[in-house]
Amino acid sequence: MSTLDAILNTVAALLCIVGAFFFFVGTVGVLRLPDFYSRTHAATKCDTVGAGSVLLGLALLQGFDPATLKLLLLAVLVLISSPTAGHALARAVFRGGLEPWTRPGHRTGGGVS
Amino acid sequence: MKRALTAAFLVLVSLPLLYAMSQLPQHGSATSPAYTHIAPRYLERGPEEAGAENVVTDVILNYRGFDTNGEVTVIFTSLAAVFAVLLAGREGDERSASEPRARTTPEVSPVASFVVRLLSPFVAIFAVYVVMNGHISPGGGFQGGTVFGALLILATVVLGKATAEKLQPARIRGLLQAAAPLTFIAVGVAGLIMFGDYLAFPKAAALAWVRTLWLIVIEIGIGVGGASIISAIFWQMGGDR
Amino acid sequence: MSQAFDLLLVGLLIACAIAVIRTKDLLGATIIFSAYSLVMCLIWLHRGAPDVAMTEAAVGAGVTTVLFLVTIGRTVRRER
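Residues numbered from 1 in each chain as written. Chains lettered and ligands numbered in written order. Predicted model: local features only at pLDDT ≥ 70, side-chain atom pairs only at ≥ 80, totals over all residues.

A closer look at the overall build of chain B
Thought 1: For chain B, the count of helices and strands is 11 helices and zero strands.
Thought 2: Reading the secondary structure of chain B in the N-to-C direction produces α-α-α-α-α-α-α-α-α-α-α.
Thought 3: For chain B, whose C-alpha radius of gyration is 23 Å, the value lies well above the compact-globule estimate of 18 Å for 241 residues.
Thought 4: With respect to the principal axes defined by its C-alpha atoms, chain B has extents near 70 × 65 × 35 Å.
Thought 5: Within chain B, contacts between residues separated by at least 24 positions form 72% of all contacts whose residues are at least 6 apart in sequence. (Helix = DSSP H or I, 4+ residues; strand = E, 2+ residues; numbered from the N terminus. Rg over C-alpha atoms; globule rule 2.2 N^0.38 Å. Contact = placed C-beta atoms within 7 Å.)

Encoded structure:
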């Protein structure tokens, strides 16, 4: 039983670390990427993968419990709502006529700063 | 010169204020009257006396119900003020406002529309839960009403104003917006008639269910009123464009 | 530990407040203000006031932000 617990704890900790890593990467992306679309993409990544895996890890730590169900529901909610928000943002901006950034770099930082 | 006068005036005003501050019981001190008399009474006897398990609800709606009554009236008045300001500046605007609407309204993304339709029932259930369960757990009319108002705004943005407005039929919209003060006054008058005081809650232990019922009625009133007011302000500000 | 968390939150709160004042871009200021509300909400929660935290999250971070955004949409975006 204790080995199972140890494995569960390790997996949970790994998931949390992965989540924190994605949050970090997403934040760096929001700060460093050149235009609106890529920044939206970074922010959405950090919500879905980061929050999703942190919540999964916490659910594993919690074990069988009503709180686990809540955590899983939260993860599902984040997985549904965050990409939708990113999609709606990018679509609205594209309809608004913002050109995506391309490599040559003659128009750096063309996003909504 | 003016600056020096201002500084002197500020110093002059702040000195008596600082003196008064020094006479107050220390912030957070366990011996201040609020903690030795009022808080224990609320915490120990709140649930049986005021009718709700959640002491915060007891304080807001029962012990200090009069205060909250004025508060919801202020919220309603703010709606009236927003309407007055926005409608005043709108007269010549009507034609130019309706023209670009046809141009700028893009068709809504199917993804966003689907997800909003998928999540709306859950958000609505959560709002109703927060309102109805406010006397047991954290939450209540203000919070639940705000969640529902946010749902209305979301529906307006994604599904269009017409869909969202179906939830508030035009005939009773004014009544819904005034729901919070109206229910409060209704409960207050009911207390006046039945127990002799405005906003009086029955004291007898056998009437505990009446206390709880009245709390729930007020919570629902605040919730409906809050949701209507928030969405009405949003619509009035032209959020449908 | 709990105290350190409180201090961190209060520090964030102050940083957000200063950033809101110093930002000339009203859209950015609105978003920072909603972040301020969320930090405030965490503080309420940590101080054991979930009722206030719920109100702060719903009103401060949600509805107020939306109303600010609508207002910015109807007026100008830059502070003069």
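A closer look at the environment of Ser228 of chain B
All names here are of chain B.
Thought 1: Inspection of the secondary structure assignment puts Ser228 in helix H11 (residues 208-236).
Thought 2: A tally of 27 C-beta atoms within 10 Å means that Ser228 is categorised as buried.
Thought 3: Separated by 97 residues in sequence, Ser228 and Val131 place their C-alpha atoms 14 Å apart.
Thought 4: Dropping the residues within four chain positions of it, Ser228 is found in contact with Gln168, Arg173, Leu176, Gln177 and Ala179. (Buried ≥ 20, exposed ≤ 12 C-beta atoms within 10 Å, placed from the backbone.)

Details of the confidence of the model for chain A
Thought 1: Taken as a whole, chain A shows an average pLDDT of 84; of its residues, 90% reach a score of 70 or greater.
Thought 2: Taking the mean pLDDT of every element in chain A, the minimum, 87, falls on helix H3 (residues 66-96) of chain A and the maximum, 89, on helix H1 (residues 2-32) of chain A. (pLDDT = per-residue confidence, 0-100.)

Looking at the nonpolar core
The nonpolar side chains of a soluble globular protein tend to be buried with one another.
Thought 1: Judged by nonpolar contacts, the single largest core of 57 residues is most densely connected at Val147, Leu151, Leu152 and Ile218 of chain B together with Ala58 of chain C.
Thought 2: Broken down by element, the residue count for this core peaks at 13 residues, all from H11 of chain B.
Thought 3: In this structure, Leu152 of chain B is in contact with Ala164, Leu167, Ala227 and Ser231 of chain B, ignoring residues within four places of it in sequence.
Thought 4: Membership of the second largest hydrophobic core comes to eight residues, among which are Val54, Leu55, Ala59 and Leu60 of chain A. (Core = buried A, V, L, I, M, F, W, Y, C linked by C-beta atoms within 7 Å.)

A few points about the interface of chain B and chain C
Thought 1: Between chain B and chain C, the contact holds 17 residues from the first and 13 residues from the second.
Thought 2: Contributions of two or more residues to the side of chain B that touches chain C are made by helix H7 (141-159) and H11 of chain B.
Thought 3: In terms of residue count, the dominant contributor to the side of chain B that touches chain C is H7 of chain B (seven residues).

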